[in-house]
Amino acid sequence: MSVPTCQVAVLGAGIVGAACARALAQADFQVVIIDPNPIGSGATAAGMGHILLIDDSPAQFALTQNSRQQWNDLAPELPDDCEFVKCGTLWLAADEDELDEVRRKEERFRAAGVAAEVLDTRQLAAAEPNLRAGLLGAFFIPDDRVIYPPCAARWMIEEAQRHGTQLRTGVSAIEVTGKEVRLSDGSRISVEFTVHATGCGTAKMLPGVPIRPRKGHLIITDRYPGFVRHALLELGYIKKAHGTDTDSVSCVVHPRRTGQVLVGSSRQFDAESKDVDPRMLARVVARATEFLPGLTRLSGIRAWTGFRAATPDGLPLIGPYPELPGLYLATGHEGHGITTSLGTAELIVDHLTGRTPRLPLEPYLPARFSGVPAHA
Amino acid sequence: MTPERQFDVLVVGAGPAGLAAACCAAESGRRVGVVDDNPDLGGQIWRGERVHPHHKEAGAWLQRVRTASLDFLPGMQVIGQNGPGRLLAETADGACELRFERLILAPGARERFLPFPGWTLPGVLGAGGLQAMVKGGLPIEGRRVVVAGSGPLLLAVAAYLRTRGAKASLIAEQAAWSALLPFGLALLRTQPDKTRQALALRWALRGVPYRTDCWPMRADGDGKLASVTLTNGRRTWSVPCDYLACGFGLVPNLELPLLMGCDVRAGFVAVDEMQQTSVNGVYGAGEVTGIGGLDKSLTEGQIAGYAATGQPAKARRLVAARKRSQRFAATLNTAFALRDELRHVAAPDTLVCRCEDVSYDRVRRHESWRAAKLQTRCGMGPCQGRVCGAATEFLFGWPTTSVRPPIYPTALANFLESPANPASLA
Ligand SMILES: Cc1cc2nc3c(=O)[nH]c(=O)nc-3n(C[C@H](O)[C@H](O)[C@H](O)COP(=O)(O)OP(=O)(O)OC[C@H]3O[C@@H](n4cnc5c(N)ncnc54)[C@H](O)[C@@H]3O)c2cc1C
Ligand SMILES: Cc1cc2nc3c(=O)[nH]c(=O)nc-3n(C[C@H](O)[C@H](O)[C@H](O)COP(=O)(O)OP(=O)(O)OC[C@H]3O[C@@H](n4cnc5c(N)ncnc54)[C@H](O)[C@@H]3O)c2cc1C
């Protein structure tokens with residue numbers, strides 16, 4: 001029996017796998033992308049779709065800047081159903097500490113030459129009339145956007161398909177052995193390289209990869225155009241996202257192009273069931289309502305949960321898996337994988353081609369964790 | 001602050017199944033509550049019976065309800081779960097938590113609507129929907145109505161509209177005459193009561209053509225319905241009308257059972273001999289376990305009511321009656337099975353999902369309901385796929401297997417913590 005050859009197998013058709021497939025196909029690799037589920041139906045379907053800059057570490061700042069630039073360059077090409085809207089981000093400061101953080105952010109952004117602006121109480125109230133009175137100000141990042149991720153993933157895969165990529169949904173990879181990927185339907189694909197873009201699924205196939213699923217709750221409303229105009233985040237968000245192991249809730253509210261308002265979100269480790277937990281949802285709504293009191297009147301039509309693939313240091317795992325030559329990881333994007341999918345894809349092409357990278361490779365290498373066998 | 005109510009047995013749905021369940025459960029002396037989103041009890045068929053009695057059987061049951069000791073909670077819609085043993089309901093005054101030891105789910109069914117070109121024109125409605133609007137005061141006197149689709153409901157709706165002065169110009173049944181004949185014979189043989197009802201209905205509809213083997217192909221009109229084009233697969237013709245009332249059978253209201261984690265088999269809530277679902281202490285009765293009409297709903301409701309309150313002997317006495325009604329249901333469902341041609345009536349640009357404006361062409365490209373939803377937003381609007389989900393289930397064979405809370409849209413305030421369920425803010 002002949003085993004079909006293919007240069008690269010991308011495991012996972014979420015936003016990260018889709019972006020990798022597209023970039024690899026454009027770099028003339030023969031790609032096959034594999035997923036047991038429909039395109040973009042994992043964390044990619046659950047996420048909020050904020051394309052944003054995160055400056056909590058130099059590596060995250062670099063990766064999100066690179067990625068956001070790529071997203072914004074794609075704007076003219078993205079099909080309408082991706083609902084790509086340049087709404088900008090407002091980081092909300094509720095107290096003096098948070099106002100200090102606004103000032104630190106301003107310095108970092110200025111040093112990096114990235115457009116941003118500090119809003120005072122009055123300017124903030126004018127920008128978002130539905131915010132409660134008394135917020136101290138905000139950090140405004142005009143070039144951040146929101147997107148509808150499942151359609152963006154599909155579009156990237158269509159782009160890859162135009163460059164010859166094959167898509168195989170309905171089968172999962174069950175084993176990767178050097179030059180071969182074994183699939184659940186009994187078939188095998190022989191490969192030069194494999195890219196593991198399986199999100200929370202990575203840890204199941206490759207024990208030792210330090211990824212923990214981190215559950216989040218969201219709820220979306222009926223259509224209320226103009227209720228919020230920017231993607232809103234409380235400044236406490238970053239502390240809660242990375243600082244702690246305990247359950248946390250922060251105010252994250254997005255306007256969707258449809259006029260719907262998307263309200264998030266929570267962070268919980270060790271929550272296995274994907275069911276909506278009414279208590280956690282109540283906390284999410286309560287927190288958002290502290291910033292936007294009028295939210296209580298809006299009609300909520302659907303709540304859901306998703307799992308972020310969290311790593312110990314909050315940075316993704318991008319690069320060779322030391323134990324198995326030919327296997328690369330593109331996973332562990334926690335709450336920012338929609339944004340950082342494009343930068344991740346660029347890094348994966350850097351690794352596979354050996355070309356000169358624009359981003360540093362080291363901060364994202366899987367080998368940085370002792371849990372990952374590091375003989376490479 | 002969310003108020004709360006506590007029951008030994010909580011029944012969701014005050015149609016025939018729910019009422020029968022509640023009466024039987026109340027015989028045990030336990031605390032029984034019946035919640036329904038309508039202002040009055042009765043469900044789809046007995047709605048308004050308290051004020052305008054029509055059905056003999058309804059009268060007897062309503063009498064039983066009156067004398068039983070149970071709490072009726074009208075105008076309250078169950079929208080979700082609030083943890084184990086608790087449901088969240090919405091009333092005109094806000095949220096309310098309903099607590100229970102045992103739960104009987106009797107949420108009934110809704111009509112299936114299938115898309116065809118022109119179905120979104122004003123004047124095209126669900127058959128039961130038009131009936132409800134007329135009951136609610138819509139003037140219908142002298143208006144020309146075509147009733148189309150499938151099932152005995154078409155006759156009931158046409159007869160009702162006629163009593164309110166509508167000109168029923170045609171009842172178009174998609175099933176073939178040859179499929180209906182064995183059903184008619186079975187009815188004669190085994191269900192003299194139903195035969196009498198059917199004859200009475202036919203008498204009420206004398207002069208109204210009942211055509212089998214035909215179905216709507218298209219609705220036409222300039223901004224408003226003017227006529228419907230029907231076909232029998234060989235020939236097409238138009239009938240002018242002011243209203244087109246359509247229903248293509250019934251589909252169970254599975255949202256709440258799915259949310260509770262009840263197993264669904266072949267499109268219905270799976271139950272055991274005692275009407276218990278796969279979830280311990282949660283029972284299902286009536287149209288949610290299989291479309292079968294009044295007798296089945298009443299019998300299953302009684303069994304569930306007895307079983308949920310430790311009266312299994314009484315429940316067992318009804319098992320034979322249930323079998324009879326289920327057999328009748330099976331004959332009914334075979335007779336009125338939807339024909340394959342109905343899968344091909346929609347044009348590429350016919351909307352399937354009205355909330356999100358998604359066309360047939362965009363939906364059919366996907367391999368599953370989940371993929372279609374994600375990529376087209378079909379079923380993601382305020383109705384949460386209640387209309388298009390039932391259509392795509394038939395059109396493409398996509399079953400509904402999961403549901404997201406809330407099962408009906410509700411103000412975000414209703415998700416906030418109840419005092420009984422405290423959780424500190426972040
Ligand atoms: C509540 C919430 C809010 C978020 N908000 C944002 C935001 O605003 N901005 C942002 O940038 N990010 C956000 N994120 C994060 C973002 O959604 C994720 O980081 C991103 O979707 C990860 O994409 P992925 O492709 O790695 O994973 P996934 O989308 O989960 O894709 C992994 C795929 O791998 C497949 N798979 C699994 N095992 C196998 C196997 N053995 N073989 C083949 N395929 C397999 C799965 O079926 C799945 O389709 C949010 C996440 C959550 C949960
Ligand atoms: C639109 C329509 C019209 C019908 N008209 C006729 C007719 O004219 N003649 C005839 O013989 N048969 C008719 N039927 C069939 C009839 O419904 C059944 O034969 C029988 O009444 C079913 O009884 P049930 O108790 O199972 O459900 P139903 O009678 O449907 O009762 C279910 C009740 O539960 C309520 N409910 C559902 N979900 C919730 C929730 N989440 N919270 C609170 N309440 C909830 C519903 O509003 C409803 O009142 C009709 C069916 C439909 C769908």
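Here the structure is a predicted model, which means the values were calculated and not measured.

Draft legend 1. Representation of the packing of helix 1 (residues 16–26) of chain B against helix 3 (residues 56–67) of chain B in the model. All names here are of chain B. Contact geometry of helix 1 with helix 3 gives a least axis separation of 10 Å together with a crossing angle of 40°. Taken together, the axes of helix 1 and helix 3 are oblique relative to one another. Remark: the crossing between helix 1 and helix 3 carries left-handed chirality. Packed against helix 1, whose contacting residues are L19, A20, C23 and C24, the element helix 3 presents W61, L62, R64 and V65 at the interface. Taken together, the residues that form the contact of helix 1 with helix 3 break down as seven nonpolar, no polar and one charged.

Draft legend 2. Expanded view of the sheet that holds strand 11 (residues 210–211) of chain B. All names here are of chain B. In spatial order, the strands read 8-15-9-10-11; together these five strands make up an open sheet with parallel pairing. The open sheet has two free edges, formed respectively by strand 8 (124–126) and strand 11, since each of these has just one partner strand. In this structure, strand 9 (residues 144–150) lies alongside strand 10 (residues 167–173), joined through six bridges in parallel fashion. Its bridge partner being in strand 10, V145 is matched across the sheet by A168. Against the sheet, helix 4 (residues 127–135) engages strand 8, strand 9 and strand 15 (243–248), with an angle of about 90° to strand 8.

Draft legend 3. Fine view of the site of ligand 1. Residue and element names in this part refer to chain A. Looking at ligand 1, there are 32 residues lining it, with D35, A43, T44, H50 and T339 nearest. D35 has a polar side-chain atom sitting 2.6 Å from an oxygen atom of ligand 1. One of the backbone nitrogen or oxygen atoms of G335 is found 3.0 Å away from a nitrogen atom of ligand 1. Residue composition of the shell around ligand 1, by class: 12 nonpolar, 17 polar and three charged.

Draft legend 4. Structural view of helix 1 (residues 15–26) of chain A. All names here are of chain A. Given a rise of 1.5 Å per residue, 12 residues ought to cover 16 Å, and the 16 Å separating the end C-alpha atoms of helix 1 matches this to within 8%. Summarising burial for helix 1: 11 of the 12 residues are buried, a large majority. All buried positions along helix 1 are accounted for by I15, V16, G17, A18, A19, C20, A21, R22, A23, L24 and A25. Of the residues trailing helix 1, D28 is marked for its positive phi of about 70°.

Draft legend 5. Expanded view of the site of ligand 2. Residues and elements named next belong to chain B. A17, D36, D37, I45 and V78 are the nearest of the 32 residues found near ligand 2. Within the contact set of ligand 2, an oxygen atom lies 2.9 Å away from a backbone nitrogen or oxygen of A17. At a separation of 2.9 Å, an oxygen atom of ligand 2 approaches a polar backbone atom of Q44. In isolation ligand 2 exposes 970 Å². Once the protein is present, 88% of that is buried. Put simply, the parts of the chain that give the shell around ligand 2 at least two residues each are helix 1, helix 2 (43–46), strand 4 (77–81), strand 7 (109–111), helix 4, helix 5 (152–163) and helix 9 (294–307). The element best represented in the shell around ligand 2 is helix 2, accounting for three residues. For the shell around ligand 2, the per-class residue count stands at 15 nonpolar, 12 polar and five charged. There are two domains that each give the shell around ligand 2 at least three residues, and those are domain 1 (4–109 + 251–333) and domain 2 (113–248).

Draft legend 6. Structural detail: the domain arrangement of chain B. All names here are of chain B. Its domain assignment divides chain B into domain 1 (4–109 + 251–333), domain 2 (113–248) and domain 3 (340–396). Each of domain 2 and domain 3 has a C-alpha centre, and the two are 24 Å apart. Each partner contributes to the interface: domain 2 provides 12 residues, whereas domain 3 provides 13 residues. Where domain 2 abuts domain 3, roughly 1100 Å² becomes buried across the two surfaces, and 75% of that area is made up of carbon and sulfur atoms. Its largest share of buried area at the contact with domain 3, domain 2 owes to L114, P115 and W119, together 48% of the area lost on that side. Where domain 2 meets domain 3, there are two residue pairs in polar contact (both at pLDDT 80 or more). In the side of domain 2 that touches domain 3, the residues fall into 10 nonpolar, two polar and no charged.

Draft legend 7. Layout of unusual backbone geometry. Omega for the peptide link from G264 of chain A to S265 of chain A comes to -20°, which places this bond in the cis form. The topology assignment puts S265 of chain A in strand 15 (residues 260–269). One non-glycine residue, D213 of chain B, lies in positive phi territory at about 60°. By the element assignment, D213 of chain B lies in the loop between strand 11 and strand 12 (215–220). Owing to a relative accessible area of 29%, D213 of chain B belongs among the partly exposed residues under this scheme. Backbone geometry at Q384 of chain B places phi at a positive 55°, although glycine is not the residue there. In this fold, Q384 of chain B is placed in the loop between helix 13 (369–376) and helix 14 (388–396). Its relative accessible area of 18% is what places Q384 of chain B among the buried residues.

Conventions and cut-offs
- Within every chain, residues take consecutive numbers counted from 1 along the sequence as written.
- Lettering of chains starts at A and numbering of ligands starts at 1, both following the order in which they are written.
- Owing to the predicted nature of the model, reporting of local features is limited to residues with pLDDT of at least 70; listing and counting of side-chain atom pairs is limited to 80 or more, with chain, interface and lining totals taken over all residues.
- Excluded from the side-chain calculation are hydrogens and water; included are all heavy atoms of the structure.
- For helices, the fitted line uses only the C-alpha atoms of the stretch in contact; every axis is such a line through C-alpha atoms, and the angle between N-to-C directions lies from 0 to 180 degrees.
- Helix numbers and strand numbers start at the N terminus; a helix is a DSSP run of H or I with at least 4 residues, a strand a run of E with at least 2.
- Any angle that is under 35 degrees is reported as roughly parallel, and any over 145 degrees as roughly antiparallel; angles of 65 to 115 degrees are reported as roughly perpendicular and all others as oblique.
- A crossing counts as left-handed when the near helix is turned anticlockwise from the far one by less than a right angle, and as right-handed when that turn is clockwise.
- Residues count as neighbours in contact if any of their non-hydrogen atoms are within 4.5 Å of one another.
- Side-chain classes follow a simple rule in which Ala, Val, Leu, Ile, Met, Phe, Trp, Tyr, Cys and Pro form the nonpolar group, Asp, Glu, Lys and Arg form the charged group, and the remainder, Gly included, forms the polar group.
- Strands are labelled as partners when DSSP assigns at least two bridges between them.
- Here a residue is considered near a molecule or strand provided that any single heavy atom belonging to it is located within 4 Å of it.
- We define a polar contact as two N or O atoms separated by no more than 3.5 Å, with the added condition that, inside protein, one atom must be a possible hydrogen donor and the other a possible acceptor, whereas residues neighbouring each other in sequence contribute only through side-chain atom pairs.
- Expected span of a helix, by definition, is 1.5 Å for each gap between consecutive residues, and there is one gap fewer than residues.
- Residue burial is assigned from relative accessible area. The probe radius is 1.4 Å, only protein chains are included, and a residue is buried under 20% of its type maximum, exposed over 50%, and partly exposed in between.
- Residue-level accessible areas treat just the shown protein chains as cover; the underlying method is Shrake-Rupley with a 1.4 Å probe.
- Residue ranges assigned to the domains are those given by an automatic or database domain assignment.
- The quantity reported as buried area is the accessible area (1.4 Å probe) lost by two parts once they are put together, taken as the sum for both.

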